[in-house]
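Each chain is listed here by its residues.
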Amino acid sequence: MKIAVLAGDGIGPEIVAEAIKIFDVLRAEGETIEIERAHLGGAAHDAEGHPYPPSTQRIAGAADAVLLGAVGGPQYDSLPRAMRPEQGILGIRKDLQLFANLRPALLYPELAGASSLKPEIVAGLDLMIIRELTGDIYFGQPRGRRTNAQGDDEGFDTMLYARPEIERIARVGFATAMKRGRKLCSVDKANVLDTSILWREVVTGLAHEYPEVQLSHMYVDNAAMQLVRAPKQFDVIVTGNIFGDILSDEASMLAGSIGMLPSASLDARGKGLYEPIHGSAPDIAGTNKANPLATVLSVGMMFRYTFGRADLAARIEAAVRRVLAAGLRTGDIAAPGEAVTGTREMGDALVAALRK
Ligand code: NAD
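Residues numbered from 1 in each chain as written. Predicted model: local features only at pLDDT ≥ 70, side-chain atom pairs only at ≥ 80, totals over all residues. Heavy atoms only, no water.

Student: Give a detailed account of the overall build of the protein, specifying residues and quantitative values.
Tutor: Helix and strand counts for the protein stand at 12 helices and 12 strands. Taking 21 Å as the expected radius of gyration for a compact globule of 356 residues, we find that the protein reaches 21 Å, a close match to that expectation. Once the C-alpha set of the protein is aligned to its principal axes, its extents read approximately 65 × 50 × 40 Å. Residues counted as buried form 51% of the 356 residues belonging to the protein. (Helix = DSSP H or I, 4+ residues; strand = E, 2+ residues; numbered from the N terminus. Rg over C-alpha atoms; globule rule 2.2 N^0.38 Å. Buried < 20%, exposed > 50% of the residue type's maximum accessible area, 1.4 Å probe, protein only.)

Student: Explain the packing of aromatic side chains to me, using residue names and the numbers behind them.
Tutor: Using the criterion set out here, one finds four aromatic pairs in the structure. Plain terms: the ring middles of Tyr-161 and Trp-199 are 5.4 Å apart, the flat faces sit at 55° to each other, and that makes the pair tilted. With Tyr-161 in the loop between β7 (153-156) and α6 (163-179) and Trp-199 in helix α7 (residues 194-206), this pair connects stretches of sequence that are 38 residues apart. Accessibility expressed as a relative area gives 7% for Tyr-161, which makes it buried. The interplanar angle of 45° and the centroid separation of 6.1 Å between the aromatic rings of Phe-303 and Phe-307 together place this pair among those described as tilted. Per residue, the accessibility class of Phe-303 equals that of Phe-307, and both read buried. An aromatic cluster is present here, built from Phe-23, Phe-303 and Phe-307 joined pairwise through their rings. Over the ring of Phe-156 we find Arg-146, and its NZ or CZ is 3.9 Å from the ring centre. (Phe/Tyr/Trp six-rings, centres within 6.5 Å; stacked < 30°, edge-to-face > 60°. Lys NZ or Arg CZ within 6 Å of the ring centre and 35° of its normal.)

Student: Account for the domain arrangement of the protein, naming residues and giving values.
Tutor: According to the domain assignment, the protein contains domain 1 (1-99 + 267-356) and domain 2 (104-135 + 163-260). Here domain 1 and domain 2 have C-alpha centroids that lie 24 Å from each other. Taken together, the contact pairs 18 residues of domain 1 with 20 residues of domain 2. Interface of domain 1 and domain 2: buried area, both sides summed, is about 1700 Å²; carbon and sulfur atoms make up 69% of it. Viewed at the interface, domain 2 and domain 1 are joined by zero salt bridges. Applying the counting criterion to the domain 1 and domain 2 interface returns three residue pairs in polar contact (both at pLDDT 80 or more). At the level of secondary structure, the elements contributing two or more residues to the side of domain 1 that touches domain 2 comprise α10 (293-305) and α11 (310-325). (Domains from an automatic or database assignment. Contact = heavy atoms within 4.5 Å. Buried area = accessible area lost by both parts, 1.4 Å probe. Salt bridge = Lys/Arg side-chain N within 4 Å of Asp/Glu carboxyl O. Polar contact = N/O pair within 3.5 Å; in protein donor to acceptor, adjacent residues only side chain to side chain.)

Student: Break down the pattern of salt bridges for me, with residues and values.
Tutor: According to the stated counting rule, one finds 24 salt bridges in the structure shown. With a shortest N-O distance of 3.4 Å, Glu-201 and Arg-163 are connected by a salt bridge. Within this pair, whereas Glu-201 is found in helix α7, its partner Arg-163 is found in helix α6, the two being separated by 38 residues in sequence. Between Asp-188 and Arg-200 there is a salt bridge; the shortest N-O distance is 2.9 Å. Of this pair, Asp-188 sits in strand β8 (residues 183-188) while Arg-200 sits in helix α7; the two residues are 12 residues apart in sequence, bridging distant segments of the chain. Residue Arg-200 is classed as partly exposed on the basis of its relative accessible area, which comes to 23%.

Student: With reference to specific residues and values, describe the site of the ligand.
Tutor: Of all residues adjacent to the ligand, which total 19 residues, the nearest are Val-71, Gly-279, Ala-281, Asp-283 and Asn-291. The side chain of Glu-275 places a nitrogen or oxygen atom 3.3 Å from a nitrogen atom of the ligand. One of the backbone N or O atoms of Gly-279 is found 2.7 Å from an oxygen atom in the ligand. Its free accessible area being 810 Å², the ligand has 64% of it covered by the protein chains. For the shell around the ligand, the class distribution of residues is nine nonpolar, seven polar and three charged. (Near = heavy atom within 4 Å. Areas by Shrake-Rupley, 256 points an atom, 1.4 Å probe, with all protein chains shown as cover. Nonpolar A, V, L, I, M, F, W, Y, C, P; charged D, E, K, R; others polar.)

Student: Which residues make up unusual backbone geometry, and what are the values?
Tutor: For the peptide bond that leads from Gln-141 to Pro-142, omega is 0°, which places it in the cis range. Within the secondary structure, Pro-142 is located in the loop between β5 (126-132) and β6 (144-147). Unlike most non-glycine residues, Asp-136 shows phi in positive territory, near 75°. Along the chain, Asp-136 falls in the loop between β5 and β6. A relative accessible area of 3% means that Asp-136 is categorised as buried. Phi is positive for Ala-281, close to 40°, though the residue is something other than glycine. Within the secondary structure layout, Ala-281 lies in the loop between β12 (272-276) and α10. Judged by relative accessible area, Ala-281 falls into the partly exposed class, the value being 22%.

Student: Break down the nonpolar core for me, citing the residues and quoting the values.
Tutor: The biggest cluster of nonpolar side chains holds 85 residues, and the ones touching the most others in it are Phe-23, Leu-102, Met-260, Tyr-274, Phe-303 and Val-320. Counting residues per element, this core draws most heavily on α10, at eight residues. Shared between two domains, this core takes at least three residues from each, and those domains are domain 1 (1-99 + 267-356) and domain 2 (104-135 + 163-260). Discounting residues that sit within four places of it in the chain, Tyr-274 has contacts with Ala-65, Val-66, Leu-67, Leu-68, Ser-263, Ala-264, Leu-266, Ser-298, Met-301, Met-302, Tyr-305 and Thr-306. Listed in part, the 16 residues of the second largest apolar core include Leu-40, Ala-63, Val-66 and Ile-92. (Core = buried A, V, L, I, M, F, W, Y, C linked by side-chain atoms within 4.5 Å.)

The following block contains the structure:
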C-alpha cells in the first residue's frame, strides 16, 4: 500500500500527524504500508515555488492513494491566482483525473446534540453523497462575459454532460449503494434542464445492471428540502457537480462539526485522494485544538475504497466510536461545559482504541 502524504497548511500537519499514527500501528502488525511525503498548497509554494510542484506530481502519481490535510491561509491571499494554495488542490484533482467525490454524512449518536437539527431527526444518520467532480457548469464551454444587443453586460456559463461522464459517475453510485443499504437516489433538475433529462435517462438505463439497488429520482430543490426535513430517508445520493457541491455542504452540517467528516475523490481505477472536508483552520493552527477525526476517518475510507480493506476501515471507525463513547471531545464537538481534549491526546486515545 503506497501512500503519498501531503500535510499542507494550517492545521494540516497537526491532523495528518495523528493519522500517521494509525499507519504506524498497522505497520507494526505486519501490514506493508509505504509512505512518501510531499508538499501541496502554500507549503509547496514556500518550499518549491509552486502550489503543486513537479516533485509532488511525481510522488502522487506513483502512489496508490493520497492523504491530504488541508491547504490555504491568509498569508497566501495576495499571491497571483495561479500560485494560490487552492490551485494545488484543483491541479492534483485534474492531474489524477479524480471524477468521483464521495462524502459521507454520518452522525455518531454521541454527537446528536452537535447537529443544528433536532436529535430525533438526525440520530443514526448515515448517508453518502456522490458528486461528479470534473464536468457540469463549472467546466462547460462556452462561458464568459459579453455585451448583448441592448448594450447590457451579460455573464454566461454552459451546463454540459456527455453520456460517458454520466455513466461512469452513475456506476460509482450503483456500486456504492451495493456496498451499503442498496438504495440510490439520483438528483437532477429534469423538469427544467436538458442536461438533467439526459442525466435521468442515462441513470435509468443502467438500473437493470444493478437489480438489487432500489433507484429513485429527485429534483434538486426537493432534495435540498428533504435533507433537512427527513435526512434518514437517504442511503446514497448521486448527482452532478454543482448540485453535489451545494447538497454535500448542506449535508455536512446535519452531522454537527466539519471536524468529523472525511471525503474521497476517486479515479476510474479506484486510486483516490482522501481528505477531511474542512479547510486549514488558520484560526486554531498550531494550538493543538484541531479535531483529527475527519482525517482519521479519511484514512478509513482509503482502506475501504482504494485498498479493498473493509476490515481495516471498520476497525478505524470502531475506534472513533470508542473514543467518542469514552467522552473524548475536541473543542468543535464539545458541548458547553464539557472537558476538551487536544489534537495529540485524541490521536493517542484513538491509537489505544485501535490496538484493542
Ligand atoms: P475552515 O474549514 O478552515 O474553518 C472553518 C471553521 O471551522 C474555523 O472556525 C475552524 O477553526 C473550524 N475547523 C475547521 N476544521 C476544524 C477541525 N478539524 N477541528 C476543529 N475546528 C475546525 O474554513 P475557512 O476558515 O473558510 O478557510 C480557511 C482556509 O482553508 C482558507 O484558506 C480556505 O481557502 C482553506 N480551505 C481549504 C480547503 C481544503 O484544503 N480542501 C477546504 C476549505 C477551505
